[in-house]
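Residues per chain are reported as follows:
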Amino acid sequence: MNLSLSDLAPPLRWTSPGQIAPIAEDPQLPEAWWQAIPLDRACAIVGAQAVAGRLADLAVTCWGHLLLGDILPLLRFANPAEAERAPETLGKDVVQKLFGGVFERLLEPAPEPAPARPDKPLPDLVDGLFAALDDRQRAIARDRLYAVQRATLDELAQRFSVTRERIRQIERDLRDHVEAWLGGPEATALVAHVTWLRGRLGSAVPADDLAAAVPWHRAELRTLGIPAWRFVRTLLTGYEQADGWLIAGGAEELREKTRQLFADGPRPLGEAVAMVTQLGIREDVAERWIASVPQLRVLDQHVVPWPRSINEKAEAVLLVAGRPLSPEEIQERIGEDYSLVGIRNQLTADGRFHRVDRNKYGLTKWGGDEYLGIREMIAREIERAGGEASVSTIVTNLTSRYDVSESSVRAYSGGPGFERTQRGWIRVAGTSPTGEAEPYQPRKDVSETRRSFRSRDGRWWHRVDVNAEHLRGSGSPLPTGFAAYLGMAPGGQLTASTPSGDVVISWHNQPTMGSIRNVLADFKAGEGDHVFLTVSDGGELLTRYLPAAPAGIPPLNRALHLIGYTAPVTSEMEGLRLIGARVGLPDTTSRDEVLARLRERGDRDIVGFLGG
């Protein structure tokens, strides 16, 4: 025998020598004996059971998750049932006994072969197996046992005018015939080839590699009229074919083990390939395997977890880039059907992301000042200076750190929200010289804010017109007046609870509400429907769902539908009174005054239905 232990146990070729040596070294054997000397010589020095013990130690310590048949493929022929079990479920003693049995049988003197048999090509050996079969048996072998698209029992029964049960019996007899032949001396060369093949294929390999593994795999078996690899494929017990791959054990199990390797975040591709080879996947196919695993992606020479959420994909893109990116760059690197608006909304609403410049976002954990918009950043500079600051200093600080122009900073410094204290110095309007601020006052009160309506109990609600972005989970902007009504101010954040999870409302450059997809799913809402929402004093997101208005209802009722009122009205005057009350006007307000308020607010849809 000229085979070393590593020739018979593929994981010895995949595993780092630094892991193997402390467990497998033996003072009586040379260094790296498992690949340096033939197995029979190692067994002659220390005994077959000692060699089996070293391999069993490695199996339990390093390869506990693999099947025994993947560690020592010969076990699949010696003990098929135990070959499908894992070392971690059996323990070292049982594994050693199984391995020792294989080695002892392998070292038994082989019967003297027929003189011409060792030189006979393997396809001819296989043809000899089927040569004695009749035409019907060969047809069933070709079209059912070894076919890519297997014929059904009914099709074969009809073709040969016999029962389905007779076809099943012939199929069973054929399997027994092949199995008995594999256990005999004639098949020794083929069994050795299959053992070698398992080591070459590893835990996962593109299915096409089987046909290309050796030239004779593509040769035709004359007795069956099929390529030899289709017969060889049936001898690779324990391999599952899925999505163009041959996978030892369960495909989903190996995919999940691969995903777990990258659960902690991106890894450089070279390092990722080395990690995957520890699962028994050949280095030359490891990158292709990684690319085939769902929820993993190769991005800029890194392997990253790639879940379904746009937020997590954006996070992965930034982690790999290692620097802030624009929403356009993030969209390009994700490379999927996500709108730029949706990406911007998620970057703004999700606390994992940090706006670091006018059009750049990084990760919050990277730290650094957040870009809040020019007005808000001027206020921040004033606060850091103790309540008053020089305009020149503010200009220098902001233009050196952000992509903003000097003229823009000076224009905002002299605009609403700031007041001059001395030549070239300003403070936030409405504050004392020490910087103590008054409550935030928006430019538009909630009663002057589009799609915001007051209920009879005095609470204001904001109408969300459901669109595809909401249903996909994107965040959406909130009007400044409504956000201020909720008690928010620039730079603030509000978390509102719902039965299906929290919704975060944040105010950076503008107020933004996070995803309400779960809320919409609870209502089974679709595009064109409406949800009215507000936040209670206890921090609960209150919602009212209203399906889209039915087709054909009068324009006045369409207008009332948009303020959340669906009951019938007796006249246009009553309808206008209801609309006026919902936008904060007294009952005595005229039609023209109601229309004027709606125009000021920007409620053009309601104005259109009222004929204004």
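Residues numbered from 1 in each chain as written. Predicted model: local features only at pLDDT ≥ 70, side-chain atom pairs only at ≥ 80, totals over all residues. Heavy atoms only, no water.

As for the overall build of the chain
Condition: Helix numbering and strand numbering both begin at the N terminus, where a helix is a DSSP run of H or I of at least 4 residues and a strand a DSSP run of E of at least 2. The globule rule used here is 2.2 Å times the number of residues to the 0.38 power, and the radius of gyration it is set against is calculated over C-alpha atoms. Relative accessibility thresholds used throughout: buried, under 20% of the residue-type maximum; exposed, over 50%; partly exposed, between the two (1.4 Å probe, protein chains only). Here a residue-residue contact requires only that any non-hydrogen atoms of the pair lie within 4.5 Å. The method behind every accessible area is Shrake-Rupley, applied with a 1.4 Å probe, and residues are considered shielded solely by the protein chains displayed. A residue counts as positive if it is Lys or Arg and as negative if it is Asp or Glu; His and the chain ends are not included. Each charge is placed at NZ for Lys, CZ for Arg, CG for Asp and CD for Glu.
A tally of helices and strands in the chain yields 34 helices and 21 strands. Computed over its C-alpha atoms, the radius of gyration of the chain comes to 37 Å, more than 25% above the 25 Å expected for a compact globule of 612 residues. Each of the three principal axes of the chain carries a C-alpha extent, and together these read 115 × 65 × 40 Å. For the chain, buried positions account for 47% of its 612 residues. Considering only contacts within the chain whose residues lie at least 6 apart along the sequence, 56% involve residues at least 24 apart. Only carbon and sulfur atoms are counted for the fraction: they give 49% of the accessible area of the chain, which is about 29800 Å². Counting 72 positive and 81 negative side-chain charges, the chain places the centres of these two groups 4 Å from one another.

What about the packing of helix 12 (residues 122-131) against helix 15 (residues 164-182)?
Defined as follows: Orientation is described by lines fitted to C-alpha atoms, with helices fitted over the stretch in contact, and by angles between N-to-C directions that extend from 0 to 180 degrees. Roughly parallel covers angles under 35 degrees, roughly antiparallel covers those over 145, roughly perpendicular covers 65 to 115, and oblique covers all other angles. If you view the pair so one helix is near and one far, a crossing is left-handed when the near helix is turned anticlockwise from the far one by less than a right angle, and right-handed when it is turned clockwise. Basically, the charged four are Asp, Glu, Lys and Arg, the nonpolar ten are Ala, Val, Leu, Ile, Met, Phe, Trp, Tyr, Cys and Pro, and anything else, Gly included, counts as polar.
Between helix 12 and helix 15, whose axes approach to 11 Å, the crossing angle comes to 135 degrees. Our classification of the angle between helix 12 and helix 15 gives oblique. For the pair helix 12 and helix 15, the sense of crossing is right-handed. Contacts between helix 12 and helix 15 involve Leu125, Leu129 and Phe130 on the former and, on the latter, His177, Val178 and Trp181. Of the residues in the contact of helix 12 with helix 15, the class split is five nonpolar, one polar and no charged.

What about the side chain of Arg427?
We count it as follows: N or O atoms closer than or at 3.5 Å make up a polar contact, with two conditions inside protein: a donor-capable atom paired with an acceptor-capable one, and, for residues adjacent in sequence, both atoms drawn from side chains.
Position of Arg427 among the secondary structure elements: in strand 13 (residues 425-428). At 2.8 Å, the side chain of Arg427 and the side chain of Glu419 are in polar contact.

A look at the confidence of the model for the chain
Note the following rule: Looking at any residue, its pLDDT shows the predictor's confidence there, from 0 to 100.
On average, the chain scores 88 in pLDDT, and the residues at 70 or more come to 96%. Highest mean pLDDT in the chain belongs to strand 15 (residues 460-465) (96); lowest belongs to helix 2 (residues 11-14) (81). For residues 112-118, every residue scores under 50 in pLDDT, and the model assigns this stretch three contacts once sequence neighbours within four places are set aside.

Some points on the packing of aromatic side chains
Worth spelling out the cut-off: Within 6.5 Å between ring centres, the rings of Phe, Tyr and Trp (the latter by its six-membered ring) count as paired, and their orientation is classed by plane angle as stacked under 30 degrees, edge-to-face over 60, tilted in between. By definition here, charges over rings are those cases where NZ of Lys or CZ of Arg is within 6 Å of the ring centre and within 35 degrees of the ring normal.
The final tally for this structure, using the stated rule, is nine aromatic pairs. For the pair Phe130 and Phe231, a centre-to-centre distance of 5.8 Å together with 90 degrees between the ring planes defines the contact as edge-to-face. Pair noted here: Phe130 is in helix 12 and Phe231 is in helix 18 (residues 228-235), with a separation of 101 residues, a long-range link. The burial state of Phe130 is the same as that of Phe231; both residues are buried. Ring centres 5.2 Å apart and planes at 75 degrees place the aromatic pair Trp245 and Trp289 in the edge-to-face group. Of this pair, Trp245 sits in strand 5 (residues 245-248) while Trp289 sits in helix 21 (residues 283-292), placing them 44 residues apart in sequence. Neither Trp245 nor Trp289 differs from the other in exposure class; each is buried. One aromatic cluster in this structure is built from Phe130, Tyr146 and Phe231. Positioned above the aromatic ring of Trp461, the side-chain terminus of Arg544 is 3.9 Å from the ring centre.

Here's the deal with the state of the cysteines
Defined simply, a disulfide is a covalent bond joining two cysteines at their sulfur atoms. How we decide: Working definition: a disulfide is two cysteine sulfur atoms within 2.5 Å of each other.
Applying the stated criterion across every chain, the model contains zero disulfides. Cysteine Cys43 shares no disulfide, and the gap to the nearest cysteine sulfur, in Cys62, comes to 20 Å.

As for the pattern of salt bridges
Going by this rule: For salt bridges, the criterion is a side-chain nitrogen of Lys or Arg within 4 Å of an Asp or Glu carboxyl oxygen.
Inspection of every chain in the model, using the stated rule, returns 38 salt bridges. The residue Arg255 makes a salt bridge to Glu252 at a minimum N-O spacing of 3.8 Å. Of the two residues, Arg255 and Glu252 both sit in helix 19 (residues 251-261), three residues apart, roughly one turn of that helix. A relative accessible area of 10% means that Arg255 is categorised as buried. Among the charged side chains, a network of salt bridges with common partners joins Asp243, Glu252, Arg255, Glu256 and Arg259.

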